[in-house]
Amino acid sequence: MKKNIILMGAPGAGKGTLAKQLISLGLIHISTGDMFREAINEGTELGKLANSYIKDGNLVPDDVTIGIVRERLSKDDCKNGFLLDGFPRTLPQAEALEKMSKEISRPIDVVINLDCDEEELVRRISGRRVCKNCGAPYHITNKKPLVEGICDICGGPLIQRKDDNEESLKVRLQHYVQDTKPLLDFYQDKGLLQNFDSLVGMNVLFDEVSVFLKK
Ligand code: AP5
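Summarised in this report is the structure supplied together with it. Keep in mind that what you see is a predicted model, and the values were worked out from it rather than measured.

**Considering the overall build of the chain**
Here is step 1: Across its full length, the chain carries 9 helices and 8 strands.
Here is step 2: In the chain, buried positions account for 46% of the 215 residues.
Here is step 3: Contacts in the chain between residues far apart in sequence, at least 24 positions, make up 71% of those at least 6 positions apart.
Here is step 4: Entry remark: accessible area of the chain is about 11200 Å², with carbon and sulfur atoms responsible for 51%.

**Section: a nonpolar patch on the surface**
Here is step 1: A cluster of nonpolar side chains, namely Leu-146, Val-147 and Ile-150, defines an oily patch on the protein surface of about 310 Å² accessible area.
Here is step 2: You can see Val-147 is positioned in the loop between strand E6 (137-139) and strand E7 (158-159).
Here is step 3: Of the residues examined, Val-147 reaches a relative accessible area of 52% and is grouped as exposed.

**As for the site of the ligand**
Here is step 1: In the region of the ligand, 33 residues are neighbours, and Thr-17, Asn-58, Arg-89, Arg-128 and Arg-172 sit closest.
Here is step 2: For the ligand, an oxygen atom lies 2.9 Å from a polar atom in the side chain of Arg-161.
Here is step 3: With the chains in place, 97% of the 1000 Å² that the ligand exposes on its own is no longer accessible.
Here is step 4: Secondary structure elements with two or more residues in the shell around the ligand: helix H1 (15-22), helix H2 (32-42), helix H6 (118-127) and E6.
Here is step 5: In terms of residue count, H2 provides more of the shell around the ligand than any other element does, 4 residues in total.

**Quick notes on the packing of helix H4 (residues 62-73) against helix H5 (residues 91-103)**
Here is step 1: Contact geometry of H4 with H5 gives a least axis separation of 10 Å together with a crossing angle of 25°. As summarised for this structure, H4 and H5 are arranged roughly parallel, according to the angle between their axes. Of the two possible hands of crossing, H4 and H5 adopt the one that is right-handed. Note on element contacts: H5 touches H4 through Pro-92, Gln-93, Ala-96, Leu-97, Met-100 and Glu-103, opposite Asp-62, Thr-65, Ile-66, Val-69, Arg-70 and Leu-73.
Here is step 2: Grouping the amino acids of the contact of H4 with H5 by side-chain chemistry returns 7 nonpolar, 2 polar and 3 charged.

**Overview of unusual backbone geometry**
Here is step 1: Note the cis peptide between Phe-87 and Pro-88, where omega equals 0°.
Here is step 2: Along the chain, Pro-88 falls in the loop between strand E3 (82-85) and H5.
Here is step 3: Although it is not a glycine, Ser-105 sits at a positive phi angle of roughly 55°.
Here is step 4: Looking at the element boundaries, Ser-105 is found in the loop between H5 and strand E4 (110-115).

**As for a negative patch on the surface**
Here is step 1: Together, Asp-115, Asp-117, Glu-118, Glu-119, Asp-197, Asp-207 and Glu-208 give the surface a local cluster of negative charge.
Here is step 2: Listing elements by their share of the negative patch, those giving two or more residues are H6 and helix H9 (202-214).
Here is step 3: Asp-117 sits in the partly exposed class, given a relative accessible area of 38%.

**Some words on the nonpolar core**
Here is step 1: Grouped together as the largest cluster of nonpolar side chains are 52 residues, with contacts concentrated most on Leu-97, Ile-112 and Tyr-187.
Here is step 2: In this view, Leu-97 contacts Ile-6, Leu-73, Leu-84, Phe-87, Pro-88, Ile-108 and Tyr-187; residues no more than four positions away in its chain are not counted.
Here is step 3: In terms of nonpolar packing, the next biggest core, distinct from the first, is built from 5 residues, Cys-131, Ala-136, Tyr-138 and Cys-151 among them.

**Examining the sheet that holds E7**
Here is step 1: Ordered by their spatial adjacency, 3 strands build an open sheet running E6-E5-E7, and the pairing between neighbours is antiparallel. The open sheet is flanked by E6 and E7, the only strands paired with a single partner.
Here is step 2: Relative to E6, strand E5 (residues 128-131) runs antiparallel, the two being bridged by 3 bridges. For Arg-128, the partnering residue across the bridge sits in E6 and is His-139.

**Things to note about the side chain of His-29**
Here is step 1: By secondary structure assignment, the location of His-29 is in strand E2 (residues 28-31).
Here is step 2: For His-29, a relative accessible area of 18% puts it in the buried group.
Here is step 3: Each residue touching His-29, except ones within four places of it in the same chain, is listed here: Ala-19, Lys-20, Ile-23, Asp-34, Leu-83 and Asp-85.

**A look at the environment of Ile-150**
Here is step 1: Relative to the elements of secondary structure, Ile-150 occurs in the loop between E6 and E7.
Here is step 2: Look at Ile-150 and you get partly exposed, because its relative accessible area is 34%.
Here is step 3: Separated by 20 residues in the primary sequence, Ile-150 and Val-130 have C-alpha atoms spaced 9.6 Å apart.
Here is step 4: The residues contacting Ile-150, other than those within four sequence positions of it, are Pro-145, Gly-155, Gly-156 and Leu-158.

Criteria and cut-off values
- Residues numbered from 1 in each chain as written.
- Predicted model: local features only at pLDDT ≥ 70, side-chain atom pairs only at ≥ 80, totals over all residues.
- Heavy atoms only, no water.
- Helix = DSSP H or I, 4+ residues; strand = E, 2+ residues; numbered from the N terminus.
- Buried < 20%, exposed > 50% of the residue type's maximum accessible area, 1.4 Å probe, protein only.
- Contact = heavy atoms within 4.5 Å.
- Areas by Shrake-Rupley, 256 points an atom, 1.4 Å probe, with all protein chains shown as cover.
- Patch = residues over 30% accessible without salt bridge, like charges linked within 9 Å, V, L, I, M, F, W, Y side chains within 5 Å.
- Salt bridge = Lys/Arg side-chain N within 4 Å of Asp/Glu carboxyl O.
- Near = heavy atom within 4 Å.
- Polar contact = N/O pair within 3.5 Å; in protein donor to acceptor, adjacent residues only side chain to side chain.
- Axes fitted to C-alpha atoms, helices over the stretch in contact; angles between N-to-C directions.
- Parallel < 35°, antiparallel > 145°, perpendicular 65-115°, else oblique.
- Left-handed = near helix turned anticlockwise from the far one by under 90°.
- Nonpolar A, V, L, I, M, F, W, Y, C, P; charged D, E, K, R; others polar.
- Lys, Arg positive; Asp, Glu negative; His and termini not counted.
- Charge placed at Lys NZ, Arg CZ, Asp CG, Glu CD.
- Core = buried A, V, L, I, M, F, W, Y, C linked by side-chain atoms within 4.5 Å.
- Pairing = 2+ DSSP bridges.

Below, the structure is given as structure tokens:
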């Protein structure tokens, strides 16, 4: 089975949703977005710094982001496989990851890219709701909770993310095109890239990716 995985895709392509499903394969989910949001909720210095970028849709500086991923990847629980969601997002981050995965002898097995057109991305982001407590993602039409406004998993209240507004989304999409999309060529050249159509719906996508990873 492929164990050390990068999940890529534009904002709203479904990285977080798929990652949370793939945890069932025994992989550790490492989401830089979730790590930053946790730090923001806790009011730490990292959280204050991250919030000053995230609220407007900008990227958190590379040195900060690389630092938190390096620390997380070196932990023992990653030795059986990890799923990087939202990292790397820039060329310096991809180069730093190359270096650190060699240092800890955990080379990347595959880069899964989720394809999704822009109209659908906007529809997904504008309809997304997340649990305030555990971060589980929902959607007002694609993935409704059993009880409106309440998380199925932990019973927490469902809210809209602060960066899920029209202006921030525009900036996030620009960063994706300028900074992150070029990484698809970077990984294609290394023979690691595998594209999946995320328009097939979340359950079909999960089945397709699981079958591929288990090969
Ligand atoms: P992050 O949290 O990583 O946000 P993002 O990349 O913008 O991605 P999203 O979380 O918005 O979308 P997703 O692809 O996970 O979609 P989801 O599964 O929720 O990062 C947030 C911010 O942190 C960044 O903007 C940046 O500022 C900072 N940051 C993070 N990493 C960084 C880094 N490496 N460097 C610098 N800064 C960094 O799905 C969206 C909706 O669609 C949901 O409602 C879901 O129910 C629905 N849906 C999902 N999949 C499907 C499907 N297959 N079919 C139908 N509906 C679906």
